[in-house]
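Structure at a glance
One-letter residues, chain by chain:
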Amino acid sequence: MASKVSLTRYLVEQQHQKGHIQPPLRLLLEVVARACKRISQAVNKGALGDVLGGADTENIQGETQKKLDIIANEVLIEANEWGGHLAAMASEEMDSIYPVPNRYPMGEFLLLFDPLDGSSNIDVNVSIGTIFSVLRRVQEDPTQVDPVKESEFLQPGHQQVAAGYCVYGPQTTLVLTVGDGVAMFTLDREQGSFVLTDDNVQIPADTKEFAINMSNMRHWDEPVKRYVDECLQGKEGPRGKDFNMRWVASMVADVHRIMTRGGIFMYPWDKREPNKPGKLRLMYEANPMAWLVEQAGGAATDGTRRMLDVPVTQLHQRVPVFLGSRNEVERVTSYHTTL
Ligand code: P6P
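Residues numbered from 1 in each chain as written. Predicted model: local features only at pLDDT ≥ 70, side-chain atom pairs only at ≥ 80, totals over all residues. Heavy atoms only, no water.

Our next topic: the overall build of the protein. Across its full length, the protein carries seven helices and 15 strands. Since a compact globule built from 339 residues should have a radius of gyration of about 20 Å, the 20 Å found for the protein is in line with a globular shape. The proportion of buried residues among the 339 residues of the protein is 55%. Taking as baseline every contact in the protein between residues at least 6 positions apart, the subset at least 24 positions apart corresponds to 63%. With the model as given, the accessible surface of the protein reaches about 14,800 Å², and the carbon-plus-sulfur share is 49%. In the protein, which carries 35 positive and 44 negative side-chain charges, the distance between the mean positions of the two groups comes to 4 Å. (Helix = DSSP H or I, 4+ residues; strand = E, 2+ residues; numbered from the N terminus. Rg over C-alpha atoms; globule rule 2.2 N^0.38 Å. Buried < 20%, exposed > 50% of the residue type's maximum accessible area, 1.4 Å probe, protein only. Contact = heavy atoms within 4.5 Å. Areas by Shrake-Rupley, 256 points an atom, 1.4 Å probe, with all protein chains shown as cover. Lys, Arg positive; Asp, Glu negative; His and termini not counted. Charge placed at Lys NZ, Arg CZ, Asp CG, Glu CD.)

Here you go:
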């Protein structure tokens, strides 16, 4: 039986063998992983802990917060603010950035997260998760420890130095990239540590499975209607094969399925709120997921552009999302760009 490789050992080996990450980033990722373990424990309490239900507050997105949204956010802030790896954090659950308090040492990284994605599923025991992205500070004069500005966060996705998610489902699984492929770690609850369970995640280029919220069909733009309609026509239609559909309404769960067996995930613009480019957020949902998918051989676009190249203008910017099996993403994207 091959010896279990812990997350720590994997990251140390990545550091020594590949030089892909240096100690400050490695230590940051270990802190984030420990925070995800604590969130997993809170999520697993369910009705036995005072963690379910609404918190009677709203976030900047105008969404009613769940108790676990706030708990998860607090866990990530408290775990990461004192270690000296970060200059600041940003969260779906916080209106503005959170600079590391002056009483703690300041580091070079910026951490962004959706602390608990899929909140609508919390009270019905369906998989949810944490999504995170790591950027490096952008400073005119790196020798100056000047206060972090929100503008430093507004970097395109190809600037990420690490990205990952932790899915709280039948297993608690951490999925991570530092730019050298994608690795998966499953939480060994007896040991209390994440153990490497896949060190080379690959998304099949083709699929027969699409994920989209079909109830919005009448609101979609023509290219999306065409793509989904062709899938629904099955063998008799232009695709010449039958398709299956999945929609968990937890991006982390849908993306994890795609990382594991392929598929395409779509959350397009629709005319319910025409002034919004999409529902999902670029900085702490679409960009980390897009990098993970690309690193696993898939593709991710906003319908017309590579997701990781989408210009960033706002911290809580929304974007249409098409990601997963490369050939399917390229097909639906081509429908947007074909006149
Ligand atoms: P809908 C969860 O609230 C989320 O942000 C994503 O995790 C998920 O993919 C999407 O929204 C679900 O949206 O409109 O189907 O409820």
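Using the criterion set out here, one finds 23 salt bridges in the structure. Among the ionic pairs, Asp-302 bridges to Arg-305, the shortest N-O distance being 2.9 Å. (Salt bridge = Lys/Arg side-chain N within 4 Å of Asp/Glu carboxyl O.)

Time to look at the side chain of Asp-117. By the secondary structure assignment, Asp-117 is in strand 5 (residues 109-117). One buried charged residue, Asp-117, remains without a salt bridge, the closest side chain of opposite sign being Arg-281 at 5.4 Å. A polar side-chain atom of Asp-117 sits 3.4 Å from the main-chain amide nitrogen of Val-252. When neighbours within four sequence positions are excluded, Asp-117 is seen to be in contact with Ile-128, Gly-129, Ile-131, Ser-250, Met-251, Val-252 and Glu-285. (Polar contact = N/O pair within 3.5 Å; in protein donor to acceptor, adjacent residues only side chain to side chain.)

A few words on the pairing of strand 13 (residues 264-267). Burial along strand 13 is two-sided: the face carrying Ile-264 and Met-266 and the face carrying Phe-265 and Tyr-267 are both buried. Across four bridges, strand 13 lies against strand 15 (residues 321-324) in antiparallel orientation. Paired with Met-266 across the strands is Phe-322, a residue of strand 15. (Pairing = 2+ DSSP bridges.)

Next up on the list: the site of the ligand. As a matter of local geometry, the ligand sits amid 13 residues, with Asp-117, Asn-213, Trp-247, Met-251 and Tyr-267 nearest to it. Contact between the ligand and Asn-213: an oxygen atom at 2.8 Å from a side-chain N or O atom of the residue. For the ligand, whose unbound accessible area comes to 400 Å², protein coverage reaches 85%. Taken together, the residues of the shell around the ligand break down into six nonpolar, three polar and four charged. (Near = heavy atom within 4 Å. Nonpolar A, V, L, I, M, F, W, Y, C, P; charged D, E, K, R; others polar.)

Its domain assignment divides the protein into domain 1 (7-198) and domain 2 (209-337). Computed from C-alpha coordinates alone, the two centres of domain 1 and domain 2 are separated by 24 Å. Carbon and sulfur atoms make up 64% of the area that domain 1 and domain 2 hide from each other, which totals about 2,900 Å². Summed over the shared surface of domain 1 and domain 2, the result is one salt bridge. Between Arg-281 and Glu-92 there is a salt bridge, and its shortest N-O distance comes to 2.7 Å. (Domains from an automatic or database assignment. Buried area = accessible area lost by both parts, 1.4 Å probe.)

The strand order across the open sheet built from eight strands is 4-3-5-6-7-8-9-10, with neighbouring strands paired in mixed fashion. Of all strands in the sheet, those bounded by a partner on one side alone are strand 4 (98-99) and strand 10 (193-198). For strand 9 (residues 182-188) and strand 10, the ladder comprises five bridges, and the chain directions are antiparallel. Among the inter-strand pairings, Thr-186 is bridged to a residue of strand 10, identified as Val-195.

What follows concerns the packing of aromatic side chains. The description of two aromatic rings rests on the distance between their centres and on the angle between their planes. Per the stated rule, a full pass over the model turns up four aromatic pairs. Both rings, one in Trp-247 and one in Tyr-267, keep their centres 5.9 Å apart while their planes meet at 50°; by these two values the pair is tilted. Of the two residues, Trp-247 sits in the loop between strand 12 (244-246) and helix 5 (251-261) while Tyr-267 sits in strand 13, which places them 20 residues apart along the sequence. For Trp-247, a relative accessible area of 23% translates into the label partly exposed. Through pairs of rings, three or more aromatic residues link up here, namely Trp-247, Phe-265 and Tyr-267. (Phe/Tyr/Trp six-rings, centres within 6.5 Å; stacked < 30°, edge-to-face > 60°.)

For helix 6 (residues 282-295), a buried count of twelve out of 14 residues is recorded, marking the element as mostly surrounded by other parts of the structure. Within helix 6, burial applies to Leu-282, Met-283, Tyr-284, Glu-285, Ala-286, Asn-287, Pro-288, Met-289, Ala-290, Trp-291, Leu-292 and Val-293.

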